[in-house]
Amino acid sequence: MTTDQSTGWEAVSDQFVAIRSQVGTALVRSWAKDRLPRSAAILDIGCGSGVPIAQWLVNDGFSVWGVDASPSLISAYRQNLPDMPAVCEAAQNSSFFDRTFVGVVSIGLIFLLGKGDQRKLLNSVANVLEPGGQFLFSAPREVCRWKDTLTGRASMSLGADAYAAHLTSVGLRLDDCRSDEGGNNYYEAVKPI
């Protein structure tokens, strides 16, 4: 029996692509333009098909390196952004191309992981961020659990206090939290120089 590294997303990849909206895209684009040098390499953890986040970042002049555990979504990413690197790996176990990045985004992913894997992923991000590097991820501010509407699998937010404390413990500084037009919460962190 094969383990589904995508934790259910491979089975619903077509549905996900069909319903993925532009919500949050303006916030991510603004963050990248305000905090990263033009043409910077951005690691997109949980990149999905690359649409809309990676696609807009590439249109804005950034290079985006995608990581996703769903083979179908990585295949779509490669079709949508053929000049951008992509790898099919579970985020919590990825080598992240064995390099560092000035920027890292992870939109709609971290809360899909268990508590231990969330902490492991935050540790890994701290290791691949260059000094002065910026990290943006989405998760609810409150501590909560729910079932994902597409996969039916458990999702959980550790909450703002736990995310802030863990970011600090791995050498990152939480700079800001803000919400997009859909009410989704984003954490902005930096790796001090």
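About the thresholds
- Residues numbered from 1 in each chain as written.
- Predicted model: local features only at pLDDT ≥ 70, side-chain atom pairs only at ≥ 80, totals over all residues.
- Heavy atoms only, no water.
- Core = buried A, V, L, I, M, F, W, Y, C linked by side-chain atoms within 4.5 Å.
- Buried < 20%, exposed > 50% of the residue type's maximum accessible area, 1.4 Å probe, protein only.
- Helix = DSSP H or I, 4+ residues; strand = E, 2+ residues; numbered from the N terminus.
- Arc of directions from axis to C-beta.
- Contact = heavy atoms within 4.5 Å.
- Polar contact = N/O pair within 3.5 Å; in protein donor to acceptor, adjacent residues only side chain to side chain.
- Phe/Tyr/Trp six-rings, centres within 6.5 Å; stacked < 30°, edge-to-face > 60°.
- Lys NZ or Arg CZ within 6 Å of the ring centre and 35° of its normal.
- Pairing = 2+ DSSP bridges.
- Axes fitted to C-alpha atoms, helices over the stretch in contact; angles between N-to-C directions.

Undergrad: Teacher, can you tell me more about the nonpolar core here?
TA: Inside soluble globular proteins, nonpolar side chains tend to come together where they are buried. L43, I45, V104, L121, F135, F137 and Y163 are the most contacted members of the largest nonpolar core, which totals 31 residues. Contributing elements (two or more residues each) for this core: β1 (41-45), β2 (63-68), β4 (101-106), α5 (115-128), β5 (129-138), α6 (160-169) and β9 (185-190). In this structure, A40, F62, L81 and M84 belong to the second largest nonpolar core, which totals 22 residues.

Undergrad: What's the story with helix α2 (residues 25-35) in this structure? I'm lost.
TA: In an α-helix, one full turn covers 3.6 residues, which means residues spaced three or four apart are oriented alike. Of the positions making up α2, those classed as buried are T25, L27, V28, W31 and A32. Take α2 and look down its axis: the buried residues cluster within an arc of 165°, on one side only. Every exposed residue of α2 that faces more than 90 degrees away from the buried side is listed here: A26 and D34. Residues of α2 that are buried make contact with β1, α3 (53-59), β4, β5, β8 (173-179) and β9.

Undergrad: What am I meant to see in the side chain of E188 here?
TA: Turning to its location among the elements, E188 is positioned in strand β9. Engagement of the side chain of E188 in a polar contact is seen with the side chain of R178, the distance being 2.3 Å. If near-sequence neighbours (up to four positions away) are discounted, E188 is found in contact with W31, R35, F135, L136, R173, L174, D175, D176 and R178.

Undergrad: Please explain the side chain of D44 as it appears in this structure.
TA: Within the secondary structure, D44 is located in strand β1. For D44, a relative accessible area of 3% translates into the label buried. Not counting the four nearest positions on each side in its chain, D44 is found in contact with I53, A54, V64, W65, G66, V67 and V105.

Undergrad: For this particular structure, what's the right way to read the packing of aromatic side chains?
TA: The geometry of an aromatic ring pair is captured by the separation of the ring centres together with the interplanar angle, meaning the angle of the planes. Applying the stated criterion across every chain yields a total of seven aromatic pairs. For the pair W65 and F101, a centre-to-centre distance of 5.7 Å together with 75° between the ring planes defines the contact as edge-to-face. One end of the pair, W65, is in strand β2; the other, F101, is in strand β4, with 36 residues separating them in the sequence. Taken together, a centroid distance of 4.8 Å and an interplanar angle of 15° make the contact between F137 and Y187 stacked. Here F137 is found in strand β5, whereas its partner Y187 is found in strand β9, with 50 residues between them in sequence. Neither residue differs from the other here; F137 and Y187 are each classed as buried. Members of the aromatic cluster, joined through ring pairs, are F135, F137, Y163 and Y187. For R99, the ring lying beneath its charged end belongs to W65, and the centroid distance is 4.4 Å.

Undergrad: What's the story with the environment of L121 in this structure? I'm lost.
TA: One can find L121 in helix α5. The spacing of L121 and N93 is 28 residues in sequence and 8.0 Å in space, taken between C-alpha atoms. Apart from residues no more than four positions distant in its own chain, L121 is found in contact with I45, A91, F96, L109, I110 and L113.

Undergrad: How do you make sense of the environment of S179 when you look at a structure like this?
TA: Along the chain, S179 falls in strand β8. What makes S179 partly exposed here is its relative accessible area of 45%. Apart from the residues lying within four places of it in its own chain, the contact partners of S179 are L27, N184 and N185.

Undergrad: What's the story with the sheet that holds β5 in this structure? I'm lost.
TA: In a beta sheet, neighbouring strands pair by backbone hydrogen bonds and run either parallel or antiparallel. Here we have seven strands laid out as an open sheet, ordered β3-β2-β1-β4-β5-β9-β8, and mixed in their pairing. Looking along the sheet, the strands with just one partner apiece sit at the ends: β3 (86-88) and β8. Within the sheet, the average angular offset between the axes of one strand and its neighbour, ignoring direction, is 15°. Pairing analysis gives three bridges linking β2 to β3, with the strands arranged parallel. Within β3, the position partnered with D68 by the bridge is C88. Most of the contacts of α5 go to β5, to which it runs at about 145°, and overall it touches β1, β4 and β5.

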